[in-house]
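Chains, contacts and geometry: an overview
Okay, here's what each chain looks like letter by letter:
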Amino acid sequence: ANAVTQLEEVVENDASAYHLSVLIDFLLRNGQYDKAETWIDQLEEQTGWELKTVMLRARWMVATNRINEIRPFVELYARKRFQQGPRDTAEVIQGIGKVYRLVGMNDDAERWLSELARRYPAQADSLSRFLVETDELERAVQRCVAELESQPNAETATLLARILVYGEASPATLENIM
């Protein structure tokens, strides 16, 4: 039997969120988008608005050229999660940034990670890390320096050191730090 059939048999025996996620991921990576959609629907019924499920749906939207549906979908996820209360707001904001980054909507990812940094200064390194990942090293250095000036902390200092050692910061950026 082929891999899809084997994974579907596993899911039929144990339709846990984990097994469904593995099957959906496999289907998405192998271009079987119609099958993936059916299983995503089932996963959504089972898990509701969990981040992993939202990420799989967003990947499916990209794969099926439904790019214009992603932002309304992710923003709906945000509203629904925020309605559940402030218990894990920072985690939700970071998750939204992750979804947007996953689907290549970097402006939206940056918008949410900037909000995370504004609301939770101790987690501002998430924005700096994002900027490094998207080759915005100059801006990442500027963010780290600004964060260290306002709220010195070891995590940001370490991140700045890594950027400077492993990144390609320009001489002008280095000059501004010194």
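Whatever comes next refers back to the structure up there.
All values derive from a computational prediction rather than experimental measurement.

1. Description of unusual backbone geometry
Residues other than glycine predominantly adopt negative phi, and peptide bonds predominantly adopt the trans conformation. In this structure, Asn-65 takes a positive phi of about 60 degrees despite not being glycine. Structurally, the position occupied by Asn-65 is in the loop between helix 4 (51–63) and helix 5 (67–83). The phi angle at Asp-135 is positive, at roughly 60 degrees, despite the residue not being glycine. Classification of Asp-135 by relative accessible area gives exposed; the value is 67%.

2. Remarks on the packing of aromatic side chains
Scanning the model with the defined rule gives three aromatic pairs in all. Between Trp-49 and Phe-73 the ring centres are 5.6 Å apart and the planes differ by 35 degrees, which places this aromatic pair in the tilted class. With a gap of 24 residues between them, Trp-49 in the loop between helix 3 (33–47) and helix 4 and Phe-73 in helix 5 connect regions that are remote in the sequence. Residue Trp-49 is classed as partly exposed on the basis of its relative accessible area, which comes to 26%. Judged by relative accessible area, which is 11%, Phe-73 ranks as buried. An aromatic cluster of at least three residues, connected via ring pairs, comprises Trp-49, Phe-73 and Tyr-77. Of note, Arg-57 hangs over the ring of Trp-60, and the distance from its end group to the ring centre comes to 5.1 Å. Stacked on the ring of Phe-82, the Lys or Arg Arg-119 has its end atom at 5.9 Å from the ring centre.

Calculation criteria
Residues numbered from 1 in each chain as written. Predicted model: local features only at pLDDT ≥ 70, side-chain atom pairs only at ≥ 80, totals over all residues. Heavy atoms only, no water. Helix = DSSP H or I, 4+ residues; strand = E, 2+ residues; numbered from the N terminus. Buried < 20%, exposed > 50% of the residue type's maximum accessible area, 1.4 Å probe, protein only. Phe/Tyr/Trp six-rings, centres within 6.5 Å; stacked < 30°, edge-to-face > 60°. Lys NZ or Arg CZ within 6 Å of the ring centre and 35° of its normal.

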